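# Structural characterization, general
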Amino acid sequence: MVLGEEDFRPLAEVAVRVGVNLQPGQTLILQAPAAHAAAARAVAKAAYAAGAKRVLTLFGDELLDRVTLEMAPEEGLKAFPKWLAEGFLQEGEAGAAFLSIIGGDPEVMRGIPPERLVMTRRAAQEAMKPFQMLTMSHRVAWSLIAAPSPAWARQVFPNLPQEESEKALWQAILRTSRADGPDPVGAWHAHMRELQARKARLNDLGIERLHYRAPGTDLTIRLPKTYQWVASGQKRAVGYPTAPNIPTEECFTLPQRDGVDGTVRSTKPLFFAGQRIDGIALRFEQGRIVEFSAVDGEDALRQVIETDEGSHYLGEVALVPVDSPIAQSGILFHNTLFDENASCHLAIGAAYPTCLTDGDEVRSDEDLLAKGGNASFAHVDFMVGSAQLDIDATTRTGTVVPIFRGGKWALPQGA
Ligand code: ZN
Ligand code: ZN
């Protein structure tokens, strides 16, 4: 199936007008798969129509990345180009917006020795750290959208003929990204108003800690003193509202770094850096992961957890009901951008400073740690939502409020 510029136009509109909310005169840095040049052109047209000064596109190819991982000597894998990292930082500091088109083969790195993956990822993370501080605190506008690839479609719809599977995946992307109706940008504004209303109700509760109960899960998560729930559509540190993920269904915040205790079991597989991890079980003591296992991909999970000290702690607590549109589609997307928005999830690793009311003050890992948040090179989401999940909140005044029952919102109306 070949998608043209016109096919991508509605999603490109959403990405530009809502995702990064491009401002007149702004530069847009676009990262796109080489196979999706048509999507990149659609984004560029939407961006110039919105007043972009210049759209700069970096094309990549995951199979080329795989060649590098297979064949480059170790010193090559450890060498991330400094000029590239500095370029991102310079453009970010100069006010550019950043958009990525994702959607490759979820298991493209299958069979690559894990230590080689770690080597190249660590080099990139270390070089890009200053830029990551900008993105994590939303001092630059950034967003992600997806486009289908043949390999991704085969994994999501293994029982359909190739052409049909690609069509089905593209339809699912458009529907869940709310880009299939007559007015996608209007649909997003309505959706974000709903998310903002729910977020406001959560913030009004003044939650001290959350308690998760489900098969294999009995987990208490305390929240730091200046936590706040956030959702797409709110004004960011950059000065205007953005939607960093297209699609998005979540209200999320950060846990107190040392305030997580008990056990949790994942409910969907996670696809990380081209590897599959499934059946995760974690046990926490004072925030730290003290035991872990996975039914599938335990080595990949170990790599994630052993990234650094911070990857032994959680950085995100996100609430998504099992009746969200993505969950109701019943599709396992094999892609975290979609699967995390079908399910309550937690993230191993870094917290978003934006989840703190005083997050604007965070300029370093030390600042984040001092406010009770977690810092790490890693940020890996894993799904814990199910129709068996109950979540209670204990407020600062000691009242217990049901937040989720049977995987769905249980917030009292008007609370
Ligand atoms: Zn999330
Ligand atoms: Zn996350």
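A short tour of the structure in this document, coming up. Everything numeric in this text was worked out from a predicted model, so none of it was measured. Residue positions are given per chain, counting from 1 as you read along its sequence in written order. Each chain is given a letter, starting from A, and each ligand a number, starting from 1, according to the order in which they appear as written. Two thresholds apply to this predicted model, a pLDDT of at least 70 for residue-level local features and 80 or more for giving and counting side-chain atom pairs, whereas whole-chain, interface and lining totals are computed over all residues. Hydrogens are left out, water is left out, and the side-chain values use all remaining heavy atoms of the structure.

To continue, consider the coordination of the zinc ion (ligand 1). Think of the donor list as every N, O and S atom within 2.8 Å of the metal, or within 3.2 Å for Na, K and Ca; water never makes the list, so a site can look incomplete. Within the protein, the atoms that donate to the zinc ion (ligand 1) are Glu-250 (OE), Glu-316 (OE) and His-345 (NE2), at distances of 1.9 to 2.1 Å. Going along the chain, you hit the donors of the zinc ion (ligand 1) in the pattern E-x65-E-x28-H. The metal-metal distance between the zinc ion (ligand 1) and the zinc ion (ligand 2) is 3.5 Å, with Glu-316 serving as a donor to both. Of this pair, Glu-316 sits in strand E13 (residues 314–319) while His-345 sits in strand E14 (residues 345–349), and the two are 29 residues apart along the sequence. The class for Glu-316 is buried, based on a relative accessible area of 3%. Look at His-345 and you get buried, because its relative accessible area is 0%. Only DSSP runs of H or I with at least four residues qualify as helices, and only runs of E with at least two residues qualify as strands; both kinds are numbered from the N terminus onward. Burial classification: accessible surface area is computed with a 1.4 Å probe over protein chains only, and a residue below 20% of its type maximum counts as buried, one above 50% as exposed, and the rest as partly exposed.

This part is about the pattern of salt bridges. For salt bridges, the criterion is a side-chain nitrogen of Lys or Arg within 4 Å of an Asp or Glu carboxyl oxygen. Going through the model one piece at a time under the given rule, you end up with 22 salt bridges. For Glu-107, the salt bridge identified is with Arg-110, shortest N-O distance 2.5 Å. For Glu-298, the salt bridge goes to Arg-302, with nearest N and O atoms at 3.7 Å. Of this pair, Glu-298 and Arg-302 both sit in helix H10 (residues 298–305), four residues apart, roughly one helical turn. You can call Arg-302 partly exposed: its relative accessible area is 31%. If you follow the salt bridges from partner to partner, you end up with Arg-213, Asp-390, Asp-392 and Arg-405 in one network.

Our focus in this paragraph is the environment of Glu-166. Among the structural elements, Glu-166 can be located in helix H8 (residues 162–176). Separated by 2.8 Å, the side chains of Glu-166 and Gln-162 make a polar contact. Two N or O atoms count as a polar contact when they lie within 3.5 Å, although within protein this holds only if one can serve as hydrogen donor and the other as acceptor, and sequence-adjacent residues are included solely when both atoms are side-chain atoms.

Note on the zinc ion (ligand 2): its protein donors are Glu-316 (OE), His-379 (NE2), Asp-381 (OD) and Asp-381 (OD). The metal-donor distances range over 2.1 to 2.6 Å. All donors of the zinc ion (ligand 2) come from a single chain, and their spacing in sequence reads E-x62-H-x1-D. You can call His-379 partly exposed: its relative accessible area is 21%.

Looking at the secondary structure, you find Thr-307 in the loop between H10 and E13. Spatially, the C-alpha atoms of Thr-307 and Ser-143 are 25 Å apart, while their sequence positions differ by 164 residues. There is a polar contact of 3.1 Å between the side chain of Thr-307 and the backbone oxygen of Gln-303.

For any pair of aromatic rings, geometry is given as the distance between the ring centres together with the angle between the planes. Think of it this way: a Phe, Tyr or Trp ring, Trp meaning its six-membered ring, pairs with another when their centres are within 6.5 Å, and the plane angle makes it stacked under 30 degrees, edge-to-face over 60, tilted otherwise. Evaluated as defined, the whole model comprises eight aromatic pairs. Seen in terms of ring centroids, Phe-252 and Tyr-352 are 6.0 Å apart; in terms of plane orientation they differ by 70 degrees. Their pairing is edge-to-face. Note that Phe-252 is positioned in strand E7 (residues 251–253) and Tyr-352 in the loop between E14 and helix H13 (365–370), a separation of 100 residues in sequence. No difference in accessibility class separates Phe-252 from Tyr-352, as the two residues are buried. The rule is short: NZ of Lys or CZ of Arg within 6 Å of the ring centre and within 35 degrees of the ring normal puts a charge over the ring. Over the ring of Tyr-313 we find Arg-257; its NZ or CZ atom is 3.9 Å from the centre of that ring.

Here we take up empty space enclosed by the protein. Here a cavity is any set of points on a 1 Å grid over the protein atoms alone where a 1.4 Å probe fits but cannot get out, and a pocket is any open set with protein on both sides within 12 Å along at least 5 of 7 lines; a residue lines the site when it has an atom within 4 Å of a point. Grid points are joined across faces, edges and corners, and a volume is the space filled by probe spheres set on the points. Overall, the coordinates contain one cavity of 30 Å³ or more when judged by the stated rule. In this structure, the largest cavity encloses a volume near 80 Å³. Lining the largest cavity are Lys-129, Gln-132, Met-133, Met-136, Ala-350, Ala-351, Pro-353, Ser-364, Asp-365, Leu-368, Ala-375 and Ser-376. Listed by contribution, the elements that provide at least two residues to the lining of the largest cavity are helix H6 (114–136) and H13. In terms of residue count, the dominant contributor to the lining of the largest cavity is H6 (four residues). Each residue is assigned to one of three groups, with Ala, Val, Leu, Ile, Met, Phe, Trp, Tyr, Cys and Pro labelled nonpolar, Asp, Glu, Lys and Arg labelled charged, and all others, Gly among them, labelled polar. Considering only residue class, the lining of the largest cavity consists of seven nonpolar, three polar and two charged.

Let us now look at the sheet that holds strand E17 (residues 400–405). An order of E12-E11-E8-E6-E5-E16-E17-E18 is seen for the eight strands of this open sheet, with the pairing classed as antiparallel. Each edge of the sheet is formed by a strand with only one pairing partner; in this case those strands are strand E12 (288–293) and strand E18 (408–409). Here a residue-residue contact requires only that any non-hydrogen atoms of the pair lie within 4.5 Å. Axes here mean lines fitted to C-alpha atoms, for a helix over just the part in contact, with angles spanning 0 to 180 degrees between N-to-C directions. Lying over the sheet, helix H9 (residues 184–205) contacts strand E5 (207–214), strand E16 (390–395), E17 and E18, oriented at roughly 150 degrees with respect to E17. Contacts from H10 reach strand E11 (281–285) and E12 within the one sheet, and its direction differs from that of E12 by about 170 degrees. Here, any two strands with at least 2 DSSP bridges between them count as paired.

This paragraph deals with unusual backbone geometry. For the bond running from Ile-246 to Pro-247, omega is 5 degrees, close enough to zero to count as cis. When you line up the elements, Pro-247 lands in the loop between strand E6 (217–222) and E7. At Asn-21, a residue that is not glycine, the phi angle is positive and equals roughly 45 degrees. By the secondary structure assignment, Asn-21 is in the loop between helix H1 (5–19) and strand E1 (27–33).

Multiplying 1.5 Å by the helix residue count minus one yields the expected span of that helix. The first and last C-alpha atoms of helix H5 (residues 82–93) sit 16 Å apart over twelve residues, in line with the 16 Å expected at 1.5 Å per residue. Buried-residue contacts for H5 involve E1, strand E2 (54–60), strand E3 (97–102) and H6. One or two residues past the end of H5 sits Gly-95, with phi positive at roughly 100 degrees.

A word on the sheet that holds E7. Judged by pairing direction, the sheet is antiparallel, and its four strands sit side by side in the order E7-E13-E14-E15 without closing on themselves. Bordering the open sheet on either side are E7 and strand E15 (379–383), each of which pairs with just one other strand. Across this sheet, the average inter-strand angle for adjacent strands is 20 degrees, counted without regard to direction. One ladder, built from three bridges, connects E7 with E13; its direction is antiparallel. Considered in E13, the bridge of Phe-252 is made with Ala-318.

Everything listed here is a matter of geometry and, on its own, says nothing about what the molecule does.
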